[in-house]
Amino acid sequence: LDLATSFNALEKVLTLGAYSFTIDLAACAQRKELIDFEPWLHSCLRRDPEHAFVRACASYLREKLLPGSATNLARAAATSNVNVLSVDAAAIIFRVLTSLTPTLPPTLAADLHDLHTQCVHAKPKLGALLAGSGGAAASASDSKPPGIGLGAAIPAAP
């Protein structure tokens, strides 16, 4: 992040196709208030008609919020989890992704719903943040983000 900003190349670097890297970099830049995360996510999604970015976001959320899952054990052993994803940033990612569910293939939408449920169980504050943005309370046991399977978009956080 420091290198990209020192060369005034952050915007260019954030358009690279290495999604795991760019999502991580954008999350760090958002923490330092260098970018507005939600518009950046929307911009990436507009450039991705094949949903590769959606899948990368899901993998990123799984890696950062569910590090003990079986799919992440080998990855965790091979790489160090240097950047911690804030629950606030995770809520932004979920809010943006769930706004797309009416346009996603049903299996991908179902995968996002399952991931959301697992992440809310692991990080209850995430459920509270998402419930607060949608105006309704949600519990970790029956959490379903507004919009999943309902065709309704989640309003953006102020």
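Criteria and cut-off values
- Residues numbered from 1 in each chain as written.
- Predicted model: local features only at pLDDT ≥ 70, side-chain atom pairs only at ≥ 80, totals over all residues.
- Heavy atoms only, no water.
- Salt bridge = Lys/Arg side-chain N within 4 Å of Asp/Glu carboxyl O.
- Helix = DSSP H or I, 4+ residues; strand = E, 2+ residues; numbered from the N terminus.
- Expected span 1.5 Å × (residues − 1).
- Buried < 20%, exposed > 50% of the residue type's maximum accessible area, 1.4 Å probe, protein only.
- Axes fitted to C-alpha atoms, helices over the stretch in contact; angles between N-to-C directions.
- Parallel < 35°, antiparallel > 145°, perpendicular 65-115°, else oblique.
- Left-handed = near helix turned anticlockwise from the far one by under 90°.
- Contact = heavy atoms within 4.5 Å.
- Nonpolar A, V, L, I, M, F, W, Y, C, P; charged D, E, K, R; others polar.

Participant: Looking at this structure, I do not really get the pattern of salt bridges. What am I missing?
Facilitator: Side chains that differ in charge, positive against negative, can pair when their charged atoms come close. Applying the stated criterion across every chain yields a total of two salt bridges. In this structure, R95 engages E38 in a salt bridge whose closest nitrogen and oxygen atoms are separated by 3.9 Å. Taken as a pair, R95 in helix α7 (residues 87–99) and E38 in helix α4 (residues 37–46) lie far apart in primary sequence, 57 residues in all.

Participant: So what exactly am I meant to see when it comes to helix α8 (residues 106–122) here?
Facilitator: Think of an α-helix as turning once every 3.6 residues; residues three or four places apart then point the same way. A rise of 1.5 Å per residue sets the reference length of α8, with its 17 residues, at 24 Å; its end C-alpha atoms lie 24 Å apart and thus fit the reference within 8%. Among all positions in α8, only L108, A109, L112, L115, H116, T117, C119 and V120 are buried.

Participant: When you look at the packing of helix α5 (residues 52–65) against α8 in this model, what are you seeing that I'm missing?
Facilitator: Think of two packed helices as two axes; the pair is described by the angle between the axes and how far apart they sit. Direction vectors running N to C along α5 and α8 enclose 20°, while the axes themselves pass 10 Å from each other. Relative to α8, α5 is oriented roughly parallel. For α5 against α8, the interelement crossing comes out left-handed. Contacts between α5 and α8 involve V54, R55, A58, L61, R62 and L65 on the former and, on the latter, L108, L112, L115, C119 and A122. Residues of the contact of α5 with α8, tallied by class, amount to nine nonpolar, no polar and two charged.

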